[in-house]
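Spelled out from the first residue to the last, the chains are:
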Amino acid sequence: MEKKKYYISTAIAYTSGKPHIGNTYEIVLADSIARYKRQKGYDVYFQTGTDEHGEKIELKAKEKGITPKEFVDEVSAEIKRIWDVMNTSYDKFVRTTDPKHERIVQKIFDKMYEKGDIYKGEYSGLYCTPCESFWTESQLVDGKCPDCGREPVEKKEEAYFFKLSKYQDKLVDYIEKHPEFIQPESRKNEMLNNFIKPGLQDLCVSRTSFDWGILVDIDPKHVVYVWLDALTNYITNIGYDPDGSSEEFNKWWPADLHLIGKDIIRFHTIYWPCFLWSLGLELPKQVFGHPWLLTNNDKIGKSRGNAIYADDLVKLFGVDAVRYYVLHEIPFANDGNLTYELLIERTNTDLANTLGNLVNRTISMANKYFDGVVTNKKVKEDVDNELISMINNLDKKVEKKMDKLEIGFALDEIFECLRRSNKYIDETMPWALAKDDSMKDRLETVLYNLLESIRVCANHLNPFLPNTSEEILKQLNSLDKSLSYNENNKFSDMKPSVLFQRIDKEKKLKEIEEMK
Ligand code: ME8
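Residues numbered from 1 in each chain as written. Predicted model: local features only at pLDDT ≥ 70, side-chain atom pairs only at ≥ 80, totals over all residues. Heavy atoms only, no water.

## Considerations on the overall build of the protein
Moving on, step 1. Along its length, the protein carries 20 helices and 16 strands.
Moving on, step 2. The C-alpha atoms of the protein give a radius of gyration of 26 Å, which matches the 24 Å a tight globule of 516 residues would have.
Moving on, step 3. With respect to the principal axes defined by its C-alpha atoms, the protein has extents near 90 × 55 × 40 Å.
Moving on, step 4. Taking all 516 residues of the protein together, 55% fall into the buried category. (Helix = DSSP H or I, 4+ residues; strand = E, 2+ residues; numbered from the N terminus. Rg over C-alpha atoms; globule rule 2.2 N^0.38 Å. Buried < 20%, exposed > 50% of the residue type's maximum accessible area, 1.4 Å probe, protein only.)

Have a look at this one:
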């Protein structure tokens, strides 16, 4: 049977500087979904990359005394390096300075112009330079930019406009008829009531005030508005071409999920659908606006001096501890908080105690009592039932949460089973059974149940903590995917080793201080 396709994308990160742990959260979240879908048998295409044009980047390069291209080459490489440090399994890392993307964006602009969806006019309005956005008076919050809170300036320029207004009714109708399109639900209502229904104004899609962008083909003193350039990355990189798209494009489009942060939902659920309709294309199936990661309950920002970087955290805690923390700590719809103290506590309680100890204790007992070869002697007792049924239901429970993109809750389900397994050790007391020769088969059954539970949980952990999952399966000698289910269930020559070292909080905090 042909595999079902699944196309997932992240936002493409601005190459204005090194990404902080907040930006990095998104790629880890997308990675866990992509890995999960692969595990479920989907043919997955996972795209990420960098957004490299715009005035801000031009200015940053100037400050540094290098060309914008030199600047973005450096930053894009750094972003890719961090995505790799986080062990993310993207299929393609795209860049908006890729000449192929640039050419297709020009053709897209031409096509919209020929269709009459883009026209030439003059813009005068309130402009926020850092956000590269024009705002109307009514959109300002206390006279300030609604996105960054800075003062906008009066600005006038000849510009091209996209007829957003033309698509307003269609957009309202579409969003109302497709409740799954914008997630979480609260974001959908926010978009409809605060932005779309009050009226869509035509969107300025070209700039003449700076050069670092894609030139408008028909009028090269203009560069293409950065959001038209950025959003189209989702189609240009899979072979969209206004003159005839590739097989690859027909295979992957429409995307199944655009995963983005809550601050850019507006661009993805208003501008992007209208651009796609203008090109005669289908809309992505879902746009999910994830909440933010805060540090000490404060917005992360380089200028605030509270930026925490993923690679530093990985050096201090290891990649899976960081992945676990961000995936678990940011619930579905509310912002999550990151502090070093919380990260240490989570690692100690969940990873070192619940998971690490369970695996270590169980394998050590299997080695001690059975030289590491444990078979199912089927000497059952009532106490086994709850554990076995929890483990057997785990797949469905995880699936239910993953289908709703409740990643943190999916992890909770797995850890619930791990905690239940620890409790099972306390209940069955294998060390006591070991003292009684007549209980040997019961003891072996108990260990078999524990090893099976660990194996199943390790498989489920794979999308979230890929290294840890592999390490556990390796310790269980259960990694060989060529083996049949039954063969894989024979445990032999198991080598326990510590998965997560318990962290001494005081010592670690001192180390962090010194690192700063
Ligand atoms: O917005 N916690 O790029 P970007 C969680 N280039 N996510 C966060 C976050 C935080 N503290 N801060 C930012 C852009 N993000 C555009 C996207 S897509 C066609 C163009 C998220 O580098 C943010 O919401 O500013 C966005 O989804 C992503 O990081 C990249 O942000």
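## Some remarks on helix H2 (residues 55-64)
Moving on, step 1. When we look at burial in H2, the residues that qualify are Glu55, Ile57 and Ala61. Here the buried residues of H2 occupy an arc of 165 degrees about the axis, which is enough to place them on one side. When the buried face of H2 is taken as reference, the exposed residues oriented beyond 90 degrees from it are Lys62 and Glu63.
Moving on, step 2. For H2, the secondary structure elements touched by its buried residues are strand E3 (43-51), helix H3 (68-85), strand E5 (118-128) and strand E7 (153-162).
Moving on, step 3. After H2 finishes, the residue Gly65 shows a positive phi value of roughly 70 degrees. (Arc of directions from axis to C-beta. Contact = heavy atoms within 4.5 Å.)

## Let's talk about the site of the ligand
Moving on, step 1. Around the ligand sit 24 residues in total, of which Ile12, Glu26, Asp51, Gly261 and Asp263 are the nearest.
Moving on, step 2. Between Glu26 and the ligand, the recorded distance is 2.5 Å, taken from a side-chain N or O atom to an oxygen atom.
Moving on, step 3. The contact in question runs from an oxygen atom of the ligand to an N or O atom on the side chain of Asp263, over 2.5 Å.
Moving on, step 4. Going through the elements one at a time, strand E2 (13-14), helix H1 (21-39), helix H7 (226-231), helix H8 (233-236) and strand E12 (257-261) are the ones with two or more residues in the shell around the ligand.
Moving on, step 5. For the shell around the ligand, the leading source of residues is H1, giving 4 residues.
Moving on, step 6. Split into classes, the residues belonging to the shell around the ligand amount to 14 nonpolar, 7 polar and 3 charged. (Near = heavy atom within 4 Å. Polar contact = N/O pair within 3.5 Å; in protein donor to acceptor, adjacent residues only side chain to side chain. Nonpolar A, V, L, I, M, F, W, Y, C, P; charged D, E, K, R; others polar.)

## A closer look at the environment of Tyr45
Moving on, step 1. If you trace the backbone, Tyr45 turns up in strand E3.
Moving on, step 2. In this structure the C-alpha to C-alpha distance between Tyr45 and Tyr7, which are 38 residues apart in sequence, comes to 4.8 Å.
Moving on, step 3. Sequence-distant contacts of Tyr45, that is, excluding residues within four places in its chain, are made with Tyr6, Tyr7, Ile8, Asp91, Lys92, Asn237, Ile238 and Trp252.
Moving on, step 4. Looking at Tyr45, its side chain comes within polar contact range of the side chain of Gln47, at 2.6 Å.

## Thoughts on the confidence of the model for the protein
Moving on, step 1. Averaged over every residue, the pLDDT of the protein is 92; the share at 70 or more is 95%.
Moving on, step 2. Residue range residues 482-493 is modelled with pLDDT below 50. Its contacts to residues more than four positions away, or to other chains, number 23 contacts. (pLDDT = per-residue confidence, 0-100.)

## A few points about helix H11 (residues 310-317)
Moving on, step 1. Summarising burial for H11: 6 of the 8 residues are buried, a large majority.
Moving on, step 2. Contacts from the buried residues of H11 go to H1, H3, helix H12 (319-329), strand E16 (336-338), helix H13 (340-370) and helix H20 (505-515).
Moving on, step 3. Once H11 finishes, Gly318 follows within two positions and takes phi at roughly 95 degrees, a positive value.

## Concerning the sheet that holds E5
Moving on, step 1. Strands sit in the order E6-E5-E7-E9 across an open sheet of 4 strands; the sheet is antiparallel. Looking at strand neighbours, the two that pair on one side only are strand E6 (133-135) and strand E9 (203-204), the edges of this open sheet.
Moving on, step 2. Note: E5 against E6, 3 bridges, orientation antiparallel. Counterpart to Leu126 in the pairing with E6 is Trp135.
Moving on, step 3. The sheet strands contacting helix H10 (residues 265-278) are E6, E7 and E9, and the helix crosses E7 at an angle near 35 degrees. (Pairing = 2+ DSSP bridges. Axes fitted to C-alpha atoms, helices over the stretch in contact; angles between N-to-C directions.)

## Some thoughts on unusual backbone geometry
Moving on, step 1. Geometrically, the link from Gln183 to Pro184 is a cis peptide bond, its omega value of -10 degrees lying close to zero.
Moving on, step 2. Checked against the element boundaries, Pro184 lands in the loop between strand E8 (182-183) and helix H6 (185-196).
Moving on, step 3. Between Trp253 and Pro254 the backbone carries a cis peptide bond, its omega angle lying at 0 degrees.
Moving on, step 4. Following the sequence through the fold, Pro254 ends up in the loop between helix H9 (247-252) and E12.
Moving on, step 5. Although it is not a glycine, Asn87 adopts a positive phi angle of roughly 60 degrees.
Moving on, step 6. With respect to the secondary-structure elements, Asn87 resides in the loop between H3 and strand E4 (92-95).
Moving on, step 7. According to the relative accessible area criterion, Asn87 is partly exposed, its value standing at 23%.

## Topic: the nonpolar core
Grouped burial of nonpolar side chains is what soluble globular proteins tend to show.
Moving on, step 1. Of all hydrophobic cores here, the largest spans 95 residues; its most connected members are Ile8, Ile21, Ile33, Leu313, Phe317, Leu355 and Phe464.
Moving on, step 2. With 12 residues, the single largest contributor to this core is H13.
Moving on, step 3. What Leu313 contacts, discounting residues up to four positions off in sequence, is Ile21, Ile308, Gly318, Val322, Leu338, Tyr340 and Leu343.
Moving on, step 4. By size, the runner-up hydrophobic cluster in this structure holds 56 residues, among which are Ala11, Phe162, Val172 and Leu203. (Core = buried A, V, L, I, M, F, W, Y, C linked by side-chain atoms within 4.5 Å.)

## Some words on the sheet that holds strand E15 (residues 298-299)
Moving on, step 1. Spatially, 3 strands are ordered E15-E14-E16 in an open sheet, and the strand pairing comes out mixed. Looking at which strands have only one partner, the edges of the open sheet turn out to be E15 and E16.
Moving on, step 2. Relative to E16, strand E14 (residues 293-295) is paired through 3 bridges, and the arrangement is parallel. Pairing of Leu294 across the sheet is with Asn337, part of E16.

## Quick notes on the environment of Pro430
Moving on, step 1. Mapped onto the secondary structure, Pro430 falls in helix H16 (residues 430-433).
Moving on, step 2. According to the relative accessible area criterion, Pro430 is buried, its value standing at 0%.
Moving on, step 3. As for Pro430 and Glu406, which are separated by 24 residues in sequence, their C-alpha atoms are 36 Å apart.
Moving on, step 4. Apart from the residues within four sequence positions on either side, Pro430 is in contact with Met365, Tyr369, Ile425, Leu443 and Val446.

## Concerning the pattern of salt bridges
Moving on, step 1. Taken as a whole and judged by the stated rule, the model has 43 salt bridges.
Moving on, step 2. For Asp117, the salt bridge identified is with Lys166, shortest N-O distance 2.6 Å. One end of the pair, Asp117, is in the loop between helix H4 (99-115) and E5; the other, Lys166, is in the loop between E7 and helix H5 (168-177), with 49 residues separating them in the sequence.
Moving on, step 3. Between Lys377 and Glu444 there is a salt bridge, with the nearest N and O atoms lying 3.0 Å from each other. Highlighted residues: Lys377 in the loop between H13 and helix H14 (382-403) and Glu444 in helix H17 (residues 440-461), separated in sequence by 67 residues.
Moving on, step 4. Sharing partners across several salt bridges, the network here consists of Lys18, Glu78, Arg81 and Asp311. (Salt bridge = Lys/Arg side-chain N within 4 Å of Asp/Glu carboxyl O.)

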